[in-house]
Amino acid sequence: KQATPKWAYINSIKAIYALCDTIENLTNIKHHVDHIIPLQGKNVCGLHVENNLRIISAYENMQKSNRWEG
């Protein structure tokens, strides 16, 4: 499966991951870049694009698992 379309803004995606690292370093709390709409969800499948990404704590992401909370 290819979840990153050709029109995705790769530099924006990389910036989100870099910001996640910065937040971890500043807070000493593990964070993940979460796909708001999961790439392989049960009912919906999202894309690996910047507007489907958010930074949340690792704990919150593990609780969410592969679900869409929309």
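Cut-offs and rules
- Residues numbered from 1 in each chain as written.
- Predicted model: local features only at pLDDT ≥ 70, side-chain atom pairs only at ≥ 80, totals over all residues.
- Heavy atoms only, no water.
- Core = buried A, V, L, I, M, F, W, Y, C linked by side-chain atoms within 4.5 Å.
- Buried < 20%, exposed > 50% of the residue type's maximum accessible area, 1.4 Å probe, protein only.
- Helix = DSSP H or I, 4+ residues; strand = E, 2+ residues; numbered from the N terminus.
- Contact = heavy atoms within 4.5 Å.
- Pairing = 2+ DSSP bridges.

Draft legend 1. View of the nonpolar core. One finds Ala8, Ile13, Ile16, Cys20, Val33, Val49 and Leu53 forming the largest nonpolar core, which totals seven residues. Of the residues forming this core, the biggest block, three residues, is contributed by helix 1 (residues 10-27). Residues in contact with Val49, not counting those within four places in the same chain, are Pro5, Trp7, Ala8 and Ile13.

Draft legend 2. Molecular detail of the pairing of strand 1 (residues 31-35). Here strand 1 lies mainly inside the structure; four of its five residues are buried. Taken together, the five bridges between strand 1 and strand 2 (residues 53-57) define a ladder with antiparallel strand orientation. Bridge pairing links His31 to Ser57 in strand 2.

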